[in-house]
Amino acid sequence: HKPNDTGLMCFEHLYGALKPATTPDPEGLSYFDQTEFLVDFNVGFSLWGHVYVPRACRSGSVACGLQVSFHGCGGGEGSAPGQQTMAIAEANNIVLLAPNVDGLGAAGNNATASCNRGTPMAGNCKEISRGCWDGYGQLSRDYVLQSA
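Residues numbered from 1 in each chain as written. Predicted model: local features only at pLDDT ≥ 70, side-chain atom pairs only at ≥ 80, totals over all residues. Heavy atoms only, no water.

Colleague: What's the story with the side chain of E90 in this structure? I'm lost.
Modeller: The topology assignment puts E90 in helix α3 (residues 83-92). For the buried E90, no salt bridge exists, and the shortest N-O distance to an oppositely charged side chain is 4.2 Å, to R55. In contact with E90, other than residues within four places in its own chain, are T22, T23, P24, D25, Y52, P54 and R55. (Helix = DSSP H or I, 4+ residues; strand = E, 2+ residues; numbered from the N terminus. Buried < 20%, exposed > 50% of the residue type's maximum accessible area, 1.4 Å probe, protein only. Lys, Arg positive; Asp, Glu negative; His and termini not counted. Salt bridge = Lys/Arg side-chain N within 4 Å of Asp/Glu carboxyl O. Contact = heavy atoms within 4.5 Å.)

Right under this line is the structure:
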């Protein structure tokens, strides 16, 4: 593969040597309802996420891997797996799960207004409101102390 193919390099880091990418199956990409997994809508989650299930995984004919992909900041439609990622997943029987946090460019979310309301840390969730993931604990009460 090309030395700058970071997507493939990430997959190989997790799964070892892989089969070459193939054409992804358009029927494998769909939305899923994330609401059953939410405890509180005030953390910024969208109502839906994306999932790509390769053909062999849908048929149940093989054991499949699972890759959970947390998109970068921004959310919205950009959180769907890309064509190259789906092509790698199709060839190697890896299900791609892409939960979604809406950012300001999409429907937006209410994380900033409700984040830690009524505490000294109120409103410390600016990245979440932009559609970023809480990758370093800024929604926790201890974040302001940097001990989360």
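On we go.
Colleague: In this structure, what is going on with the side chain of Q34? I would like to understand it.
Modeller: Position of Q34 relative to the elements: it lies in the loop between β1 (29-33) and β2 (48-52). Q34 sits in the buried class, given a relative accessible area of 2%. When near neighbours in sequence (up to four residues on either side) are disregarded, Q34 contacts F45, S46, L47, W48, G49, P99 and N100.

Colleague: Would you mind showing me how to read the sheet that holds strand β3 (residues 65-68) here?
Modeller: Two strands in a sheet stick together by hydrogen bonds in their backbones, pointing the same way (parallel) or opposite ways (antiparallel). Strand order in the open sheet formed by four strands is β1-β2-β4-β3, and the pairing between neighbours is mixed. Two strands lie at the open edges of the sheet, namely β1 and β3, each paired on one side alone. Sheet twist, expressed as the average angle between the axes of neighbouring strands with direction ignored, equals 25°. Pairing geometry for β2 and strand β4 (residues 94-98), over three bridges, is antiparallel. Bridging across to β4, V51 finds its partner in L97. In the packing of helix α1 (residues 6-15) onto the sheet, the strands contacted are β3 and β4, and the crossing angle to β3 comes to about 130°. Strands in contact with α3 are β1, β2 and β4; relative to β4, the strand with the most contacts, it is inclined by about 145°. (Pairing = 2+ DSSP bridges. Axes fitted to C-alpha atoms, helices over the stretch in contact; angles between N-to-C directions.)

Colleague: What is the right way to look at a nonpolar patch on the surface in this model?
Modeller: On the surface, L66, V68 and F70 cluster together into a nonpolar patch covering about 290 Å² of accessible area. Residue position: L66 is located in strand β3. (Patch = residues over 30% accessible without salt bridge, like charges linked within 9 Å, V, L, I, M, F, W, Y side chains within 5 Å. Areas by Shrake-Rupley, 256 points an atom, 1.4 Å probe, with all protein chains shown as cover.)

Geometric descriptors of this kind do not, in isolation, establish any biological role.
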